[in-house]
Amino acid sequence: MGRFRIFLLAAVALAIGAVGASAQHSDWIKPPSNLPKSQRGTQNLDLLFEALKVAPDEASSKAIEERIWAIWVASGSDTASLLMTRVKTAIDAEDLDLAIKLLDAIVEIKPDYIEGWNRRATVYYLKKDFGRALSDISHTLALEPRHFAAFAGLGMIMQDIGDDKHALDAFRRALAINPRLQRIPDLVKTLIEKVEGRDI
């Protein structure tokens, strides 16, 4: 993770300097609205990620992905869970400043809560504050190096600031973890043509 962390820090600096960059993607990967009951535990996550790589079809892949999200979303704290419902309400009302304040409180209460960092990265992305979004993606990946949504988000930011090479790398990392992610294969295909050129 050392080399990747250096890349993320460089990406933060690049994003902060990307004046006028505009987010073009509205499909930042978010947890599904209806999730199965969480069965917390690293062992369970390990099994789910193994199953995700070999899922035979779209339906089984989606079911496994939802179980992973259920574990990530479960905070283990009543206070954090309550605040997260308020975050959703604030985002739905497009009050992104309030959402950030609530998420600040969540990551302070539960600094090991993966979805607190990931959700704040999402909100910073919506605010086009790419430097802070990248910083929170870094925290997310430090807590869960298999967070396919964080890698996908990283790819979208890199693409928005014009760094197609690193966008392609991030999207490929996301697909290596979750091969059936929607929309990402199309982005990879487009970026391969831009970065590596067309096959003759």
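Now for a description of the structure that goes with this document. (Residues numbered from 1 in each chain as written. Predicted model: local features only at pLDDT ≥ 70, side-chain atom pairs only at ≥ 80, totals over all residues. Heavy atoms only, no water.)

**Looking at the packing of helix H6 (residues 114-126) against helix H7 (residues 130-143)**
Defined as follows: Only C-alpha atoms enter the line fits that serve as axes; for helices the fit covers just the stretch in contact. Angles between N-to-C directions range over 0 to 180 degrees. Comment: elements are numbered from the N terminus, with helices defined as DSSP H or I runs of at least four residues and strands as E runs of at least two. For classification purposes, angles smaller than 35 degrees are called roughly parallel, those larger than 145 roughly antiparallel, those between 65 and 115 roughly perpendicular, and all remaining angles oblique. Here is the rule for handedness: rotate from the far helix to the near one, and if that takes an anticlockwise turn smaller than a right angle the crossing is left-handed, while a clockwise turn gives right-handed. The contact criterion used throughout is that any non-hydrogen atoms of two residues lie within 4.5 Å. Amino acid classes used here: Ala, Val, Leu, Ile, Met, Phe, Trp, Tyr, Cys and Pro are nonpolar; Asp, Glu, Lys and Arg are charged; the rest, including Gly, are polar.
Look at H6 against H7: their axes get within 8 Å of each other, and the N-to-C directions meet at 160°. Judged by the inter-axis angle, H6 sits roughly antiparallel to H7. Regarding H6 and H7, the two cross each other, and that crossing is left-handed. Touching Ile114, Trp117, Asn118, Arg120, Ala121, Tyr124 and Tyr125 of H6 are Phe130, Arg132, Ala133, Asp136, Ile137, His139, Thr140 and Leu143, all from H7. Residues that form the contact of H6 with H7 fall into these classes: 9 nonpolar, 3 polar and 3 charged.

**Quick notes on the pattern of salt bridges**
For clarity, the cut-off: Salt bridges, as used here, are contacts in which a Lys or Arg side-chain nitrogen is within 4 Å of a carboxyl oxygen on Asp or Glu. Buried means the residue's accessible area, taken with a 1.4 Å probe over protein chains only, is under 20% of the maximum for its type, while exposed means over 50%, and partly exposed covers the values in between.
Taken as a whole and judged by the stated rule, the model has 13 salt bridges. Notably, a salt bridge pairs Asp169 with Arg173, separated by 3.3 Å at the nearest N-O pair. Taken together, the residues Asp169 and Arg173, both in helix H9 (residues 164-177) and 4 residues apart, mark about one turn of the helix. Residue Arg173 is classed as partly exposed on the basis of its relative accessible area, which comes to 34%.

**Section: unusual backbone geometry**
The residue Glu94 is not glycine, and still its phi comes out positive at about 60°. Mapped onto the elements, Glu94 comes out in the loop between helix H4 (78-92) and helix H5 (96-109). For Glu94, a relative accessible area of 70% puts it in the exposed group.

**Considering the side chain of Lys110**
The line we're drawing: Between N or O atoms, a polar contact is any pair within 3.5 Å; within protein, one atom must be a potential hydrogen donor and the other a potential acceptor, and residues adjacent in sequence are included only when both atoms are from side chains.
Note that Lys110 resides in the loop between H5 and H6. A distance of 3.2 Å separates the side chain of Lys110 from the backbone oxygen of Ser75, its partner in a polar contact. Contacts of Lys110, omitting those with residues within four sequence positions, involve Ser75, Ser77 and Ala80.

**Focus on helix H10 (residues 184-196)**
Here is the rule: Expected span of a helix: the number of residues minus one, times 1.5 Å. Starting at the helix axis, one direction is taken to each C-beta atom, and the arc is that of these directions.
For H10, which comprises 13 residues, the first-to-last C-alpha distance of 17 Å matches the rise-based estimate of 18 Å (1.5 Å per residue) to within 8%. Every buried residue of H10 is listed here: Ile184, Leu187, Val188 and Leu191. An end-on view of H10 places all buried positions within 100° of arc, on one side of the element. Along H10, exposed side chains directed more than 90 degrees from the buried face belong to Asp186 and Lys189. Close packing links the buried residues of H10 with helix H8 (148-160) and H9. With its phi angle positive at about 85°, Gly197 sits one or two positions after the end of H10.

**As for the packing of aromatic side chains**
Note the threshold: Classification of ring pairs uses Phe, Tyr and Trp, with its six-membered ring standing for Trp, and accepts pairs whose centres are within 6.5 Å; under 30 degrees between planes counts as stacked, over 60 as edge-to-face, and the remaining range as tilted.
Applying the stated criterion across every chain yields a total of 5 aromatic pairs. Between the aromatic rings of Trp69 and Phe148, the centroid separation amounts to 6.1 Å while the plane-to-plane angle is 90°, which identifies the pairing as edge-to-face. One end of the pair, Trp69, is in helix H3 (residues 58-73); the other, Phe148, is in helix H8, with 79 residues separating them in the sequence. Three or more aromatic residues joined by ring pairs make a cluster, and in this case those are Phe49, Trp69, Trp72 and Phe148.

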